[in-house]
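Structure at a glance
Here are the chains, one letter per residue:
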Amino acid sequence: MAYRFALLWAVAVDVAMAGQPQEGSDDLCHDAVLGEACYNDTIWAKGYAINTRPQWYPGLSNESSFADFQAHLHYCYWDRCPMPCANTSQHRCEMVDRFWSNETCQDAAEGSKCHMQVTWAMEH
């Protein structure tokens, strides 16, 4: 119980201290807040998934900032979250074979690796 409280307190302080938009950033950044799906996803990644699936979060640890996790979700999980305005060390996806761009977006062909992964994700 004390760990959960300490984790939630650390995240709350981290979010409360979120900075202004980074130099050179556009107006599309947004620091996730309580009540948003991105906030819940970031809390889950920082508090749970980093310990159970660290390979999903290369370069991050449970000591990484809330903004670093939010940026990771933005870059590595197809814009699942907006880019945070708070300062972050994450500026691209470091996961092997993970990338996203509108230029390379296409429907997954049946039988392709992508199609199989999407089908698996939809079933689990």
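Residues numbered from 1 in each chain as written. Predicted model: local features only at pLDDT ≥ 70, side-chain atom pairs only at ≥ 80, totals over all residues. Heavy atoms only, no water.

1. Here's the deal with the state of the cysteines
Following the criterion strictly, the structure yields three disulfides and no others. Here C38 engages in a disulfide with C81; their sulfurs sit 2.0 Å apart. With the S-S bond torsion at 115°, the cross-link from C38 to C81 turns out right-handed. With a gap of 43 residues between them, C38 in helix α2 (residues 37-52) and C81 in the loop between α3 (66-76) and α4 (113-123) connect regions that are remote in the sequence. With a relative accessible area of 7%, C38 lands in the buried category. Judged by its relative accessible area of 2%, C81 is buried. A disulfide bridge connects C76 with C93, and the sulfur atoms are separated by 2.1 Å. (Disulfide = S-S within 2.5 Å. Helix = DSSP H or I, 4+ residues; strand = E, 2+ residues; numbered from the N terminus. Buried < 20%, exposed > 50% of the residue type's maximum accessible area, 1.4 Å probe, protein only.)

2. Section: the environment of E36
With respect to the secondary-structure elements, E36 resides in the loop between α1 (2-16) and α2. Sequence-wise, E36 and C81 are 45 residues apart; in three dimensions their C-alpha atoms are separated by 9.7 Å. Discounting chain neighbours no more than four positions away, the residues touching E36 are H30 and D31. At 2.9 Å, the side chain of E36 forms a polar contact with the side chain of H30. (Contact = heavy atoms within 4.5 Å. Polar contact = N/O pair within 3.5 Å; in protein donor to acceptor, adjacent residues only side chain to side chain.)

3. Digging into α2
Along its length, α2 shows its largest kink, about 45°, at A45. Every buried residue of α2 is listed here: C38, Y39, D41, T42, I43, A45, K46, G47, A49 and I50. (Bend = angle between axes of the 7 residues up to and from the residue.)

4. Quick word on the nonpolar core
Counting eleven residues, the largest nonpolar core is built from A32, C38, Y39, I43, F66, L73, C76, Y77, C81, C93 and M95. Counting residues per element, the ones that place at least two in this core are α2 and α3. Residues contacting M95, with those up to four places away along its chain left out, are Q55, W56, P58, H72, C76 and Y77. (Core = buried A, V, L, I, M, F, W, Y, C linked by side-chain atoms within 4.5 Å.)

5. Digging into a nonpolar patch on the surface
A contiguous nonpolar surface patch, about 330 Å² in accessible area, is contributed by W44, Y48 and W56. Relative to the helices and strands, W56 is located in the loop between α2 and α3. (Patch = residues over 30% accessible without salt bridge, like charges linked within 9 Å, V, L, I, M, F, W, Y side chains within 5 Å. Areas by Shrake-Rupley, 256 points an atom, 1.4 Å probe, with all protein chains shown as cover. Salt bridge = Lys/Arg side-chain N within 4 Å of Asp/Glu carboxyl O.)

6. Digging into the packing of α2 against α3
Where α2 meets α3, the axes come as close as 9 Å, and the angle between the chain directions of the two elements is 110°. Here α3 runs roughly perpendicular to α2, going by the angle between their axes. Residues C38, Y39, D41, T42, I43, A45, K46 and I50 of α2 pack against F66, F69, Q70 and L73 of α3. Among the residues making up the contact of α2 with α3, the classes are represented as eight nonpolar, two polar and two charged. (Axes fitted to C-alpha atoms, helices over the stretch in contact; angles between N-to-C directions. Parallel < 35°, antiparallel > 145°, perpendicular 65-115°, else oblique. Nonpolar A, V, L, I, M, F, W, Y, C, P; charged D, E, K, R; others polar.)

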